[in-house]
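Fold and geometry: a report
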Amino acid sequence: MSHNTFGHLFRVTTWGESHGPALGCVVDGCPPGLRFTSAEIQAWMDKRKPGKSRFVTQRREEDFVKVLSGVMMDEDGETMISTGTPISMLIENTDQRSKDYGEIARQYRPGHADYTYDLKYGIRDYRGGGRSSARETAARVAAGAIARKVVPGLNVRAALIQIGKHKINRANWDWDQVDQNPFFCPDPEMVPVWEEYLDGIRKSGSSIGAVVEVIAEGVPAGLGAPIYGKLDQDITGLLMSINAVKGVEIGDGFASAELSGEENADQMRMGNDGKRIFLSNHAGGILGGISTGEPVIARFAIKPTSSILTERQSIDADGHNVDLRTKGRHDPCVGIRGVPVGEAMVACAIADHYLRDRAQTGQSHPGRVF
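Here's a quick rundown of the structure. (Residues numbered from 1 in each chain as written. Predicted model: local features only at pLDDT ≥ 70, side-chain atom pairs only at ≥ 80, totals over all residues. Heavy atoms only, no water.)

1. Comments concerning the overall build of the protein
Put simply, the test is: Under the DSSP-based scheme used, a helix requires at least four consecutive residues in state H or I and a strand at least two consecutive residues in state E, with every element numbered from the N terminus. For this measure, only C-alpha atoms enter the radius of gyration; the expected value for a globule follows 2.2 Å times N^0.38, where N is the number of residues. Using a 1.4 Å probe on the protein chains alone, a residue whose accessible area is under 20% of its type maximum counts as buried, one over 50% counts as exposed, and one in between counts as partly exposed.
What the protein contains, in helices and strands, is 8 helices and 19 strands. Taken over the C-alpha trace, the protein has a radius of gyration of 21 Å; the compact-globule value for 370 residues is 21 Å, and the two agree within 12%. Its C-alpha atoms put the protein at 70 × 50 × 40 Å along the principal axes. By the burial criterion, 49% of the 370 residues in the protein qualify as buried.

This is the structure we're talking about:
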């Protein structure tokens, strides 16, 4: 299976399976001299790791990251300094239960990649889905921790804004609330609603979808290139690569179809400090594929987890009709743990474009003073 690498200059290759001994990533193209600690990487990993609440899978993984190459230790014994060579990171699997999947070794779970993987490759890893499992995204979060160090002043944050039909009240948006509840929810009034709703979903053995919003601030103006190297093109592609994602939008996205030209165009003025400012940000910080200096805003929709206890109709590899239920430990709403994954992918896309822009135009030029 090819296509396990993304990025042009900041290149990330992920490897490993859900029920293998370990998984990880190799980050190539990382500039030398970046300073970071294991604790900084682990903080992002802990946001994604399973078993943190009753609303996510109860698989217990510490997701401790081991940095194997590409760094030298500083004199303090804690800070790692990138050398410019590939940074390899390993995450061991410690709580996989492959026996839970024995009954479906030759059966195709509806909504999963079982059928298409078998159709294409003639073999599939039925133990949790192998590479199609969301377990693979742990490596992406590790890579995203490095990507955040590449662009000075970059701040990438995400929040869950919808579960099922229950949407947040955007007037209540409070970033300080995001890490204070198990949903990464910015609206404190929605937390008890989601708790009751997901408890019902979870106890019934079903699942539900969600929407995640990612906001990147401190993105330099001028990143991206016209036509085939657009910043939003790469952001949407990377977000779409996340397991279970079925839709992505930038800025107002599909809501733009309801706006008039007057409403949609982001007007500009000169500020009192002599800098150019935008009066709105319907474009989500990107025009013509190039960043404007405004916050880059993306949203992505995640489908309901396909592994549910409700019996569903399917077929097996021998062409027989079967009725099956998926055992094992699964997220009733995989969108919750999709929040740190979305952050990581946007950070990787911006880091890659930052390095590409620096290579083509130099680190700065007069047109970039915003």
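Right, picking up where we left off after that structure.
2. A word on unusual backbone geometry
Even without being glycine, F184 reaches a positive phi, approximately 55°. The phi dihedral of A244 falls on the positive side, at around 75°, and the residue is not glycine. Within the fold, A244 resides in the loop between α6 (231–240) and β12 (245–250). On the basis of relative accessibility, which here comes to 23%, the residue A244 falls in the partly exposed class.

3. With respect to the side chain of T37
Quick note on the threshold: Residues count as neighbours in contact if any of their non-hydrogen atoms are within 4.5 Å of one another.
Mapping T37 onto the fold places it in strand β4 (residues 35–37). Leave out the neighbours within four places in its chain, and T37 touches E78, T79 and M80.

4. Quick look at α6
For the α-helix, the turn length of 3.6 residues means that residues three or four positions removed from each other point alike. Stated precisely, the cut-off is as follows: The arc under discussion is defined with respect to the helix axis, by the directions toward the C-beta atoms.
Listed as buried for α6 are L231, D234, I235, L238 and L239. Buried residues in α6, looked at end-on, bunch into an arc of 130°, giving them a common side.

5. A short note on the packing of α6 against helix α8 (residues 338–361)
The test is simple: Here, axes are lines fitted to C-alpha atoms. For helices the fit covers the stretch in contact, and angles between N-to-C directions go from 0 to 180 degrees. Put simply, a crossing is left-handed when the front helix is turned counterclockwise from the back one by less than a right angle, and right-handed when it is turned clockwise.
Across the interface, α6 lies against α8 with an axial gap of 9 Å and an inter-helix angle of 145°. Between α6 and α8 lies a crossing of right-handed hand. Across the interface between the two elements, L231, D234, I235, L238 and L239 of α6 pack against G342, M345, V346, A349, H353 and R356 of α8.

6. A look at empty space enclosed by the protein
Note the following rule: Points on a 1 Å grid over protein atoms alone make up a cavity when a 1.4 Å probe fits among them but cannot get out, and a pocket when they form an open set with protein on both sides within 12 Å along at least five of seven lines; lining residues each have an atom within 4 Å of a point. Grid points are joined across faces, edges and corners, and a volume is the space filled by probe spheres set on the points.
Going through the model one piece at a time under the given rule, you end up with 3 cavities of 30 Å³ or more. One number sums up the size of the largest cavity: a volume of about 90 Å³. Every residue along the wall of the largest cavity is listed here: R48, A134, T137, I242, N243, I302, V334, R337, G338 and V341.

7. Description of the pairing of strand β2 (residues 11–16)
Where we set the bar: A pair of strands is labelled paired if DSSP reports no fewer than 2 bridges between them.
Only one face of β2 is covered, namely the face carrying V12, T14 and G16; the face carrying R11, T13 and W15 is uncovered. When strand β1 (residues 5–6) meets β2, the two strands line up antiparallel, connected through 2 bridges. From the neighbouring strand, F6 faces β2, where its bridge partner is V12. The hairpin turn running from β1 into β2, its antiparallel successor, is 4 residues long, and G7 in that turn takes a positive phi close to 100°. Bridging between β2 and strand β3 (residues 22–28) involves 6 bridges; their strand directions are antiparallel.

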